[in-house]
Amino acid sequence: FSCGLSNYQGALFHLFNHAFFKALLFLSAGSVIHALNNEQDMRRMGGLLKIMPFTYTMFLIGSLALAGFPFLSGFYSKDFILEFSFSNYNFFGFFAYWLGVFSGFCTAFYSFRLIYFTFYSKTNNYKVILENIHESSSYMLFSLCFLGLGSIFVGYLTKDIFIGFGNFTFFKSIFNNPI
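Thresholds, definitions, all that
Residues numbered from 1 in each chain as written. Predicted model: local features only at pLDDT ≥ 70, side-chain atom pairs only at ≥ 80, totals over all residues. Heavy atoms only, no water. Core = buried A, V, L, I, M, F, W, Y, C linked by side-chain atoms within 4.5 Å. Buried < 20%, exposed > 50% of the residue type's maximum accessible area, 1.4 Å probe, protein only. Helix = DSSP H or I, 4+ residues; strand = E, 2+ residues; numbered from the N terminus. Contact = heavy atoms within 4.5 Å. Expected span 1.5 Å × (residues − 1). Patch = residues over 30% accessible without salt bridge, like charges linked within 9 Å, V, L, I, M, F, W, Y side chains within 5 Å. Areas by Shrake-Rupley, 256 points an atom, 1.4 Å probe, with all protein chains shown as cover. Salt bridge = Lys/Arg side-chain N within 4 Å of Asp/Glu carboxyl O. Axes fitted to C-alpha atoms, helices over the stretch in contact; angles between N-to-C directions. Left-handed = near helix turned anticlockwise from the far one by under 90°. Nonpolar A, V, L, I, M, F, W, Y, C, P; charged D, E, K, R; others polar. Phe/Tyr/Trp six-rings, centres within 6.5 Å; stacked < 30°, edge-to-face > 60°.

Undergrad: Even after reading the chapter, I still don't get the nonpolar core, so can you show me in this structure?
TA: The tendency in soluble globular proteins is for nonpolar side chains to be buried side by side. In terms of nonpolar packing, the biggest core is built from 17 residues, with V32, L36, L48, M52, F119 and I133 touching the most fellow members. Contributing elements (two or more residues each) for this core: helix 1 (8-35), helix 2 (53-67) and helix 4 (91-120). Excluding anything up to four places from it in sequence, V32 contacts M45, L48, M52, T55, T118 and F119. In this structure, M58, L144, L147 and V154 belong to the second largest nonpolar core, which totals seven residues.

So, in structure tokens, the structure goes:
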């Protein structure tokens with residue numbers, strides 16, 4: 001989306017931020033799948049909030065960052081890309097802005113649908129599997145914590161490196177044809 005607008009600095013900034021919260025979401029999903037004895041069907045999950053509170057917290061942080069919740073890493077990059085598209089002052093920029101807003105809404109919707117079915121809804125699994133559900137090992141929890149902290153703070157800490165005022169780090173790395 002950002003590269004289509006010739007905003008390569010914003011695209012690299014979002015790619016860097018996206019790596020943290022998407023990796024957090026995948027590792028959190030792996031933790032849930034492992035705890036449920038390799039069950040991957042969301043319809044068979046549910047009720048894991050009280051059993052796996054740390055994984056839930058990390059899943060929530062990753063989903064909020066993915067949705068662009070204010071002051072998380074996804075907010076800084078998504079807000080910059082949407083602001084850049086809106087500032088083109090033509091029909092295509094305006095259309096791109098509303099397309100980006102709609103895709104952000106769809107992202108937030110499916111992320112919180114996932115959280116609801118995994119952690120809040122009534123469980124639909126076998127009793128044998130439910131008795132063996134547990135949090136992951138300390139190694140995985142440490143990795144989740146590291147990625148969770150990155151999903152919270154990396155956007156704020158690196159925004160000046162990628163898109164700060166007067167920053168020319170990636171300015172001439174890709175030729176931008178003025179139209």
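Undergrad: Teacher, can you tell me more about helix 4 here?
TA: Structural remark: α-helix, 3.6 residues per turn; residues separated by three or four positions point the same way. Compared with an ideal rise of 1.5 Å per residue, which puts 30 residues at 44 Å, helix 4 spans 42 Å between its outermost C-alpha atoms and is within 8% of the ideal. Within the span of helix 4, buried status applies to G93, A96, G100, G104, T107, S111, I115, T118 and F119. Contacts from the buried residues of helix 4 go to helix 1, helix 2 and helix 3 (73-86).

Undergrad: Help me out: how do you make sense of unusual backbone geometry in this one?
TA: Trans peptide bonds make up the majority, and among non-glycine residues the majority have a negative phi. Of note in the backbone geometry, S6 takes a positive phi value of approximately 60° without being a glycine. The topology assignment puts S6 in the segment before helix 1. Look at S6 and you get partly exposed, because its relative accessible area is 28%. Of note, F71 is a non-glycine position whose phi angle comes to about 70°, a positive value.

Undergrad: Whenever I open this one, a nonpolar patch on the surface confuses me. Can you help?
TA: A cluster of nonpolar residues, F1, F91, F92, F95 and L99, forms a patch on the protein surface that exposes about 610 Å² of accessible area. Its place among the elements puts F1 in the segment before helix 1.

Undergrad: In this structure, what is going on with the packing of helix 1 against helix 2? I would like to understand it.
TA: When two helices pack together, their arrangement is given by the angle between the helix axes and the distance between those axes. With their axes 9 Å apart at the nearest point, helix 1 and helix 2 run at an angle of 145° to one another. You can see that helix 1 and helix 2 cross each other, and the crossing is left-handed. For the pair helix 1 and helix 2, the contacting residues are H18, F21, K22, L24, L25, S28, A29, S31 and V32 in the first and T55, M58, F59, I61, G62, S63, A65 and L66 in the second. Along the lines of polarity and charge, the residues of the contact of helix 1 with helix 2 split into 10 nonpolar, six polar and one charged.

Undergrad: I keep staring at the packing of aromatic side chains and nothing clicks. Help me out?
TA: The geometry of an aromatic ring pair is captured by two quantities: the separation of the ring centres and the angle between the planes. Here the structure, examined in full by the defined rule, presents 16 aromatic pairs. Note on F91 and F95: the rings are 6.2 Å apart at their centroids and 15° apart in plane angle, and the pair reads as stacked. Taken together, the positions of F91 and F95, both in helix 4 and four residues apart, correspond to about one turn of that helix. We classify F91 as exposed; its relative accessible area is 59%. For F95, a relative accessible area of 49% gives the class partly exposed. Following the ring pairs from residue to residue traces out a cluster consisting of F13, F16, F20 and F162.

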